[in-house]
Amino acid sequence: MEADPSTNPRIEPRLAVQRLSTSFPTEGGLVHAVADVSFSIAPGKTTALVGESGSGKSVTSLTLMRLLAKTANARVSGVARFATREGRSVDLLKIDEQALRALRGNQLSMIFQEPMTSLNPVLTVGEQIAEGVRLHKGLGRSAALADAKRMLDLVEIPAADRRVHEYPHQLSGGMRQRVMIAIAMACDPTLLIADEPTTALDVTIQAQILALMRKLQAETGMSILFITHNLGVVAHHADDVVVMYAGRVVESAPVRPLFAAPAHPYTQGLLACLPGRARLAGRAGQPRPARLFAIRGQVASPLAPPPGCAFEPRCDLAIAACRDAMPELLATGAAREARCIRVAAALPEAA
Amino acid sequence: MKMPPMLRQLLHRRIVLVAAVVLLIIAVLAIGAPWFASFDPNDTAVLQRLKGPSSEHLMGTDELGRDMYARIVHGARYSLAIAALTALGSVIAGTLLGLVAGFFRRLDAPLMRVVDAMMSFPDILLAIALVAILGPSLVNVVLALVLVYTPRVARVVRASTLVVRELLFVEAVRALGVRTSRILWRHILPNLMSPILVQVSFIFAYAILAEAGLSFLGVGVPPEIPTWGTMVAGGQQYAHQAFWVVLFPGLAIIFTALSLQMLGDGVRDLLDPKLKKAL
C-alpha cells in the first residue's frame, strides 16, 4: 500500500491518516468518538484539527499515539501511514509495541494541554528532558543532562544552567509548557502532535509559545498536527485545516481558502463566532451587532446521533433531505472537501 | 538540597522535636550499648536479685540479679532491630504489592482480596498463629510481623498509585516511549514516597508494641534474648514486690512507641498539603 494522496496532492506526506475510526463500548452502546477521518500532513507543514469539545480531535491524537487506555477497550480501524526518518513507511496503528516505543518521543512527539500536570512533580526538569534523550539517543546521564540544558536554551528559558535543576513547581505555566516542548523536541521529532498546547495559558504567553513552535518548525522542518478550538491560532499558524464535528471531518481545506470562503455551515458558524468577524460584519452594513454570534443548540449525544447529517439539528440551512442520510465528503474546490449536501447553497453568496 | 528546610519545618513543632530527641537518645544508647552499661546484660548475681534502683544499679536488678539498666540498653538493640526490620520488610513487600495492584487494573482485584483477607485477622492473633507455626525465634518474629503489616502498606500504596497513575505526566512519559517498568520505578514510585514514609514511622511503632506483646505472651523471641517485651514478661510475677522490673522496660516501650507515633504524625502533617496551613 502506498500513501494515498487523499487531501494533499503534494510530495509524500509525513503522516497520512485514512479512514480512521475509534469507538468505545459503553453501557449505553458503542460510541463512535472518531469515524472515518482522513487527512495528511506534508513534511514541514502544519495541519490543524479544529472542532469544539467532544468533536473527537483529542481522541484522534491519542489514537495516533496509541495512548488510549487499554481498559477503555477502544476499537480502532483505519490506516495511519507514518514516513520514518529512515525512509520507511509504517502504520502507526499496526506496528508492535516495541517498534512504537522506539518511535514515540523520538520521531513522533506529543505536547499535552495541561502544562501543570504533564510534568512529574518529583523530578527536576533536567531529568525529565534527559529521560527521552537517554532512551532514544543512548546518552549517559551527564551527557543527557548537558543536552537538557541545550534544549532549555533552545526553548528560550533564561538561566538554563540553574533551571535544569529546578522542579516543575518552581516554574510558571508558560515555562512549564516550554519545558514540555523541550521534552518533545529533545530527539528532533519529524512529527509533533500538539493537543491544545496553549489552551491553559494566558494570551500573551500563548503568542510566545506559538512563536516558539513556529521557530522550531522552521529550524527543524518538522510537521505539526495542531489540535485546537482556537480559530485565531489556526489562521496564523496552520497550512491546512481539518474541521471536525461529532467525530467526523466536515470540512478540510488549505487555510486561506477556508477562511476566505468556508463551505460547510458549521465552519461558517465557527468563523462567525469570532469577535473580530462580528465587528467587521457590523461595520459593513447593518448596525453593529449587539452580541457575539453563537451556534445554537449543542453537540448531539454520541449515543443517539441524528439519522442524517450530525449538524442538521443546529443548522440554519437544513432542509428535509439533510435528515435522510449522512452526507459524503464532497470536493468543493482545489484540495477542498466538505460534508454537506447544501454546499452550493452554503457557499456565501456575495463573497 | 530540599531536605534541610523540610527537616527544620518538621522539628519546628515542639512535640515532634521532643520525640526526635527521645528517639535519638534511645538510638545512641542502643548502638553504643556496651559503652553505656557497665554490666553484662546476662551476668547473673543471685545475691543481688530484685534490688531496687541504686547508684550501682540505676534501674535495679531483676529476679536473677541482672542489671536492669544494662538489659534495657541492650534490649533496645533487639527491640529496635526487630521493629526496623519489620518496617523495612513490610514496606518493601507492601509497596511492590500496592504498586502492582494499583497500576495494573487486572491484578487489582485478586491481589487486594488476598490483602483484605489478611487484614480481616486481628494483628496480634495472626502474628501468634504465624510464630506458633514457624517456631519462636528472632527471624520468625520479624517474618510474622512483616506478614502482618504488609497488607496495611499495600493498601495505602495502592490507593496512592491509583491517584498518581491518572495524572497526565504518566501519559506524557508513555508518549515519550518509556517502558512500563521504568514508568513504575522512576516516575510513579517517587511520587509515593510521602505516604510510604508515614507508613514506615507508624509500622516501626506498631512493631515495637507487637514484639513486646508477642514476647509477653511467650510466643515472641526466646526469653534469653533481652528485648523489652521479654523483660516485661519475665518480670510480671515479681511486679508486686519489685515494680522496677516491669516499670522500666514498660516505660522504654511507651516512650519509644509514642515518640515514633509523634514523629509519624509530624511527617504526615508536613507532607499533607491540606494541613500545611494549620501548622
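Residues numbered from 1 in each chain as written. Chains lettered and ligands numbered in written order. Predicted model: local features only at pLDDT ≥ 70, side-chain atom pairs only at ≥ 80, totals over all residues.

This part takes up the overall build of chain A. Helix and strand counts for chain A stand at 12 helices and 12 strands. Over its C-alpha atoms chain A spans a radius of gyration of 21 Å, differing by no more than 12% from the 20 Å that the globule rule assigns to 351 residues. Projected onto its principal axes, the C-alpha coordinates of chain A cover approximately 65 × 50 × 45 Å. Long-range pairs, those at least 24 residues apart, make up 63% of the contacts in chain A between residues at least 6 apart in sequence. (Helix = DSSP H or I, 4+ residues; strand = E, 2+ residues; numbered from the N terminus. Rg over C-alpha atoms; globule rule 2.2 N^0.38 Å. Contact = placed C-beta atoms within 7 Å.)

Right, let's get into the overall build of chain B. Along chain B, the regular secondary structure elements total 13 helices and 0 strands. Moving toward the C terminus, one meets the helices and strands of chain B in the order α-α-α-α-α-α-α-α-α-α-α-α-α. With the C-alpha coordinates aligned to their principal axes, the bounding extent of chain B is approximately 75 × 45 × 30 Å. For chain B, the proportion of its 279 residues judged to be buried stands at 45%. Long-range pairs, those at least 24 residues apart, make up 69% of the contacts in chain B with a sequence separation of at least 6. (Buried ≥ 20, exposed ≤ 12 C-beta atoms within 10 Å, placed from the backbone.)

Residues and elements named next belong to chain A. The strand order across the open sheet built from 4 strands is β2-β1-β4-β5, with neighbouring strands paired in antiparallel fashion. Unpaired on one side and paired on the other, β2 (29–41) and β5 (89–91) mark the two borders of the sheet. Pairwise comparison of adjacent strand axes, ignoring direction, gives a mean angle of 15° for this sheet. Inspection of the sheet shows strand β1 (residues 15–26) paired to β2 by 9 bridges, in the antiparallel sense. (Pairing = 2+ DSSP bridges. Axes fitted to C-alpha atoms, helices over the stretch in contact; angles between N-to-C directions.)

What follows concerns the interface of chain A and chain B. Listed as interface residues are 23 residues of chain A and, on the opposing side, 16 residues of chain B. Mapped by element, the contributors of at least two residues to the side of chain A that touches chain B are α2 (97–103) and α3 (125–137) of chain A. With 4 residues, α3 of chain A is the single largest residue contributor to the side of chain A that touches chain B.

For chain A, per-residue confidence averages 87 on the pLDDT scale, and 91% of positions sit at 70 or higher. When the criterion is pLDDT under 50, residues 1–10 of chain A qualifies, and its contacts beyond four places in sequence or with other chains add up to 23 contacts. (pLDDT = per-residue confidence, 0-100.)

Residue and element names in this part refer to chain A. The element strand β3 (residues 46–50) is extensively covered by neighbouring structure, given that 5 of its 5 residues are classed as buried. Neither face of β3 is open: one carries Thr46, Ala48 and Val50, the other Thr47 and Leu49, and all of them are buried. For β3 and strand β8 (residues 223–228), the ladder comprises 5 bridges, and the chain directions are parallel. Residue alanine 48 lies in a different strand from β8, and its bridge partner there is phenylalanine 226. Across 4 bridges, the pairing between β3 and strand β9 (residues 240–245) is parallel. Bridged to valine 50 within β9 is valine 243.

The subject of this paragraph is the packing of helix α8 (residues 168–175) of chain B against helix α9 (residues 180–188) of chain B. Residue and element names in this part refer to chain B. The N-to-C vectors of α8 and α9 enclose an angle of 135°; their axes lie 11 Å apart at closest approach. Considered as vectors, α8 and α9 are oriented oblique to each other. Note on packing geometry: the crossing formed by α8 with α9 is right-handed. From α8, Val170, Val173 and Arg174 reach across to α9, where they touch Ile183, His187 and Ile188. Its residues assigned to classes, the contact of α8 with α9 shows 4 nonpolar, 1 polar and 1 charged. (Parallel < 35°, antiparallel > 145°, perpendicular 65-115°, else oblique. Left-handed = near helix turned anticlockwise from the far one by under 90°. Nonpolar A, V, L, I, M, F, W, Y, C, P; charged D, E, K, R; others polar.)

Once that is clear, we can look at unusual backbone geometry. Outside of glycine, negative phi angles account for most residues, and trans bonds account for most peptide bonds. Residues and elements named next belong to chain A. Non-glycine residue glutamate 196 carries a positive phi angle of around 45°. Classification of glutamate 196 by C-beta neighbours within 10 Å gives partly exposed; the count is 19. Although it is not a glycine, alanine 246 adopts a positive phi angle of roughly 50°. Structurally, alanine 246 can be placed in the loop between β9 and β10 (248–254).

Right, let's get into the nonpolar core. If you look at soluble globular proteins, the nonpolar side chains tend to sit buried side by side. Within the largest apolar cluster, 163 residues are counted, with the highest numbers of intra-cluster contacts made by Ala182 of chain A together with Leu145 and Ala207 of chain B. Counting residues per element, this core draws most heavily on helix α4 (residues 68–103) of chain B, which supplies 15 residues. What leucine 145 of chain B contacts, discounting residues up to four positions off in sequence, is Thr86, Ala127, Ala207, Ala210 and Glu211 of chain B. (Core = buried A, V, L, I, M, F, W, Y, C linked by C-beta atoms within 7 Å.)

For the rest of this paragraph, the subject is α8 of chain B. Judged by how many residues are buried, α8 of chain B sits mostly within the fold: 7 of 8 residues are covered. Within α8 of chain B, the full set of buried residues consists of Phe169, Val170, Glu171, Ala172, Val173, Arg174 and Ala175 of chain B. Each element contacted by the buried residues of α8 of chain B is listed here: α1 (57–65), β6 (108–111) and α3 of chain A together with α7 (138–165) and α9 of chain B. In the stretch just after α8 of chain B, glycine 177 of chain B is the one whose phi turns positive, near 90°.

Time to look at the sheet that holds β8 of chain A. Residue and element names in this part refer to chain A. Reading across the sheet, the 8 strands line up as β6-β7-β8-β3-β9-β10-β12-β11 and stay open at both edges, with mixed pairing between neighbours. Sheet topology places β6 and β11 (330–333) at the edges, where each strand pairs with a single neighbour. Neighbour to neighbour, the strand axes of the sheet diverge by 20° on average, direction disregarded. Contacting β6 and β7 (191–195), helix α6 (residues 173–185) crosses the sheet at an angle of about 170° to β6.

Among the secondary structure elements, isoleucine 41 of chain A is positioned in strand β2. Ignoring anything within four residues of it in the chain, the contact list for isoleucine 41 of chain A reads Pro13, Arg14, Leu15, Thr47, Ser223 and Leu225 of chain A.

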